[in-house]
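Next come the chains, spelled out residue by residue.
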Amino acid sequence: MLKELKKVSEESGKDVKDFQHTANFLLANQFASAYKHGQRKHYLLVESYPVYFSHLFEALGMKLYINENERLSGVLPIEKEAFLRLKTDETLFLLVLRQLYEEKIENFEVDNGFVSTHTNAILERFVQLVKRDVPNETRFKDILTLLSRHGVIIRGKAFEEDAKNIMINITPVVRLIVTEAYLRQLESFTVSDEDAEDDELSNETDSDTLSTSE
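Now for a description of the structure that goes with this document. (Residues numbered from 1 in each chain as written. Predicted model: local features only at pLDDT ≥ 70, side-chain atom pairs only at ≥ 80, totals over all residues. Heavy atoms only, no water.)

**Considerations on the packing of aromatic side chains**
Applying the stated rule across the entire model yields 8 aromatic pairs. Where F19 meets Y52, the ring centres are 5.7 Å apart and the plane angle is 80 degrees; that geometry is what we call edge-to-face. Taken together, the positions of F19 in helix α2 (residues 16-29) and Y52 in helix α4 (residues 50-59) put the pair 33 residues apart, joining distant regions of the chain. In this pair, the class of F19 matches that of Y52, namely buried. Between F19 and F53, the aromatic rings sit 5.9 Å apart at their centres with planes inclined by 25 degrees, giving stacked as the arrangement. Linking F19 in helix α2 with F53 in helix α4, this pair joins segments that are 34 residues apart in sequence. There is no split in this pair, since F19 and F53 are both buried. One aromatic cluster is present, formed by F19, Y49, Y52, F53 and F57 through successive ring pairs. (Phe/Tyr/Trp six-rings, centres within 6.5 Å; stacked < 30°, edge-to-face > 60°. Helix = DSSP H or I, 4+ residues; strand = E, 2+ residues; numbered from the N terminus. Buried < 20%, exposed > 50% of the residue type's maximum accessible area, 1.4 Å probe, protein only.)

**Comments concerning the environment of D89**
If you trace the backbone, D89 turns up in helix α5 (residues 88-106). Put simply, D89 and F140 are 51 residues apart on the chain and 9.3 Å apart in space, counted from C-alpha to C-alpha. The contacts of D89, once residues within four sequence positions are left out, are F126, R139 and I143. (Contact = heavy atoms within 4.5 Å.)

**Observations regarding the environment of L72**
Relative to the helices and strands, L72 is located in strand β3 (residues 72-77). When the C-alpha atoms of L72 and V173 are compared, they prove to be 8.3 Å apart, with 101 residues separating the residues in sequence. Contact partners of L72, with chain neighbours within four places excluded, come to F31, A32, S33, Y43, Y65, I66, N67, P172 and V173.

**Remarks on the pairing of strand β7 (residues 162-170)**
Where strand β5 (residues 115-118) and β7 come together, 4 bridges link them in antiparallel fashion. Residue pairing for β7: T117 is matched across the bridge by I168. As defined by bridge partners, strand β6 (residues 153-159) adjoins β7 across 5 bridges and the pair is classed as antiparallel. In the sheet register, I153 faces β7, and the bridge partner there is I170. Taken together, β6 and the strand that follows it, β7, pair antiparallel across an intervening segment of 2 residues. (Pairing = 2+ DSSP bridges.)

**Focus on α4**
Along α4, the positions that sit buried rather than exposed are Y52, F53, L56 and F57. Take α4 and look down its axis: the buried residues cluster within an arc of 115 degrees, on one side only. In α4, those exposed residues whose orientation departs by more than 90 degrees from the buried face are V51, E58 and A59. Where α4 is buried, its residues touch α1 (2-12), α2, α3 (40-48), β2 (62-67) and β3. G61 sits one or two residues past α4 and shows a positive phi near 80 degrees. (Arc of directions from axis to C-beta.)

See below:
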């Protein structure tokens, strides 16, 4: 891989560190969007040199993902062992985000593949969908942090009139994580009041594209 790195660096006229920084960014954050501040340079480098990055991540047991229409690139784990097991509430919030995303898409409320919502709307849909109380504030922040770290959402500013209500952009990544088949599976999922907090869903077939590379 060092020979490939040197070759692609010489052919592109770019510094070796540019390729290293982009590879490290994807390993740490999983996805890069051309529309997100600070990520555009990583997306453009991957888009320009997909063969190099594909070989690099394949050697690490991952596959390269590029969507030129949505200007999104990233890495997905190949082996099931690399998947991140999600707790039930984390998984159900993914379902909520996917539903909100599709509704906005259908209503043409989309900007560069991103749709806007806010945390109050997410929590309201959570209650409506799963018929259970929302998690406490600390737990909800932890879930948002997890989903933000993996590129599913981008957190914005709080509303002036309600500091706890935060603007959220849902990214196209949610479609990679919550597939159509898994969406149908989750929609029929019911959670008991006693066991909900500690349950984990094994999403090995269709959904767990969140990698353990963090």
